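Examining the three-dimensional arrangement
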Amino acid sequence: MQLKLMRKEIAQFLQSGQEAIARIRVEHIIREQNIWAAYEILEMFCEFVLARVPIIESQRECPLELKEAVASIIFAAPRCSDLPDLLSVRGLFATKYGKEFILAASELRPDTSVNRTIIEKLSVYTPSGDVKLNTLKEIAQEYNVSWDSSKTEAEFNKMPEDLLNGPKQIPASTAQLPAENRKESPKAAHRLPAISSQRATVQPLQPPLTAMSSSPTKPKQSSAESHKGRPSESSPDVLERARAAIAAADRASAAARAAAQLVNANFKSNTLEGGIV
């Protein structure tokens, strides 16, 4: 009776032009129809198990001809809230065949024999657009409602938008930008290839310039441009500065050697004095 009332409400929504509400309510009807179909199969399995109770009591393991019925009842028991008695039957099967048998049927392991229709009807999923459209057409035909389904078909066939990545279509306002805004400057166009080429090729390190080099290297063009107007240094000045640097290095080395000799002499004298004492 509840299912019939729901179908009648859907027909009224279609007749009054409230298709948006009908498209949502039809999912509840499909779910109720699936549960009703599962109940009919479970009723048949329960009758079959009831007729084989003497065989179940006489055998320790579950008989092969009852394995599908017993496994289907175990799988459907926690999913059928309107039938609490199935949980009691499930507990009896757990006492008879063990917890491992119950887990295998509940988790749909390969060695179980749960009915495929029971699995499909009791699974929670959103019905497809074709299933919802066919159900709406059946309801409209059942209650003689003249309903144009073209709008609903277009709504069901519409691809859902990706809410994370945004819409797939580019707005017309951004597509009609001026040509000068879309053009890139030559520097920006060549910036990426220049960076990639620098990363791809590693330049070898250049050896340091020696002070006694007879042929000084040419300065870079950028340095020459930045120091325009300054007089270039002559080679005698460079040689004089190099000689002065070498002389300073020699003096520093001689001072270091003298300091080392002085420290060594002080250490020896302290050692001798300590031995005499």
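Residues numbered from 1 in each chain as written. Predicted model: local features only at pLDDT ≥ 70, side-chain atom pairs only at ≥ 80, totals over all residues. Heavy atoms only, no water.

A count of helical and extended segments in the protein gives 14 helices and zero strands. The buried share of the protein, reckoned over its 277 residues, is 21%. Once local pairs closer than 6 in sequence are excluded, the contacts in the protein between residues at least 24 apart make up 63%. Of the roughly 21600 Å² of accessible surface on the protein, 57% is carried by carbon and sulfur atoms. (Helix = DSSP H or I, 4+ residues; strand = E, 2+ residues; numbered from the N terminus. Buried < 20%, exposed > 50% of the residue type's maximum accessible area, 1.4 Å probe, protein only. Contact = heavy atoms within 4.5 Å. Areas by Shrake-Rupley, 256 points an atom, 1.4 Å probe, with all protein chains shown as cover.)

Our focus in this paragraph is the pattern of salt bridges. A full pass over the atoms with the stated rule returns seven salt bridges. Glu9 serves as the salt-bridge partner of Arg25, at 3.4 Å between the closest nitrogen and oxygen. With Arg25 in helix α2 (residues 19–51) and Glu9 in helix α1 (residues 2–15), the pair connects residues that are 16 residues apart, well separated along the chain. Taking relative accessible area as the criterion, Arg25 reaches 35% and is therefore assigned partly exposed. Ionic pairing is found between Glu19 and Arg23, a salt bridge with its closest N-O pair at 3.8 Å. Of this pair, Glu19 and Arg23 both sit in helix α2, four residues apart, roughly one helical turn. (Salt bridge = Lys/Arg side-chain N within 4 Å of Asp/Glu carboxyl O.)

So, on to the packing of α2 against helix α4 (residues 67–76). Packing of α2 against α4 brings their axes to within 9 Å, and their N-to-C directions diverge by 130°. Considered as vectors, α2 and α4 are oriented oblique to each other. The two elements α2 and α4 meet at a crossing, and its hand is left-handed. Residue-level inspection shows Leu42, Phe45, Cys46, Phe48 and Val49 of α2 in contact with α4, the latter providing Glu68, Ala69, Val70, Ser72, Ile73 and Ala76. (Axes fitted to C-alpha atoms, helices over the stretch in contact; angles between N-to-C directions. Parallel < 35°, antiparallel > 145°, perpendicular 65-115°, else oblique. Left-handed = near helix turned anticlockwise from the far one by under 90°.)

Our next topic: the environment of Val49. Considering the arrangement of structural elements, one finds Val49 in helix α2. With 18 residues separating them in the primary sequence, Val49 and Lys67 have C-alpha atoms 9.8 Å apart. When sequence neighbours within four positions are dropped, the list of residues in contact with Val49 reads Ile56, Leu66, Ala69, Val70, Ile73 and Phe93.

Let's shift gears to the packing of aromatic side chains. With the rule as written, the count across this model stands at two aromatic pairs. Geometrically, the ring pair formed by Phe93 and Tyr97 is stacked, given 6.2 Å between the ring centres and 25° between the ring planes. On the criterion of helical spacing, the pair formed by Phe93 and Tyr97 is a turn pair, its members being four residues apart in helix α5 (residues 85–97). The exposure classification of Phe93 matches that of Tyr97, with both residues buried. An angle of 50° between the planes, with centres 5.3 Å apart, marks the rings of Tyr97 and Phe101 as tilted. In textbook terms, an aromatic cluster arises when at least three aromatic residues are bridged by ring pairs, as seen for Phe93, Tyr97 and Phe101. Across the ring face of Phe75, the terminal group of Arg79 is positioned such that the distance to the ring centre comes to 3.9 Å. (Phe/Tyr/Trp six-rings, centres within 6.5 Å; stacked < 30°, edge-to-face > 60°. Lys NZ or Arg CZ within 6 Å of the ring centre and 35° of its normal.)

Next up on the list: unusual backbone geometry. For Leu108, which is not a glycine, the phi torsion comes out positive at approximately 55°. As for its placement among the helices and strands, Leu108 is situated in the loop between α6 (99–106) and α7 (116–122). Classification of Leu108 by relative accessible area gives partly exposed; the value is 34%.

This paragraph deals with the packing of α1 against helix α8 (residues 129–142). Contact geometry of α1 with α8 gives a least axis separation of 9 Å together with a crossing angle of 85°. By the angle between their axes, α1 is roughly perpendicular relative to α8. Of the residues in α8, those touching α1 at Arg7, Ile10, Ala11 and Leu14 are Leu136, Glu138, Ile139, Ala140 and Glu142. For the contact of α1 with α8, the residue count by class is six nonpolar, no polar and three charged. (Nonpolar A, V, L, I, M, F, W, Y, C, P; charged D, E, K, R; others polar.)

One finds Val70, Phe93 and Ile118 to be the most contacted residues of the largest nonpolar core, which totals 28 residues. Listed by contribution, the elements that provide at least two residues to this core are α2, α4, α5, α6 and α7. The leading source of residues in this core is α4, at seven residues. Ignoring anything within four residues of it in the chain, the contact list for Phe93 reads Val49, Val70, Ile73, Ile74, Gly98 and Ile102. Among the nonpolar cores identified, the runner-up in size contains 16 residues, and Ile10, Val26, Ile139 and Ala140 belong to it. (Core = buried A, V, L, I, M, F, W, Y, C linked by side-chain atoms within 4.5 Å.)

Bringing the environment of Ala105 into the picture now. The topology assignment puts Ala105 in helix α6. When residues no more than four places from it in sequence are discounted, the contact partners of Ala105 are Ala71, Ile74, Phe75, Thr112 and Val114.

The next thing to look at is the side chain of Asn115. Within the secondary structure, Asn115 is located in the loop between α6 and α7. Taking the relative accessible area as the measure of exposure, Asn115 reaches 14% and is therefore buried. Within polar-contact distance, the side chain of Asn115 engages the backbone nitrogen of Thr117 at 2.9 Å. When sequence neighbours within four positions are dropped, the list of residues in contact with Asn115 reads Ile41, Phe45, Glu68 and Ser72. (Polar contact = N/O pair within 3.5 Å; in protein donor to acceptor, adjacent residues only side chain to side chain.)

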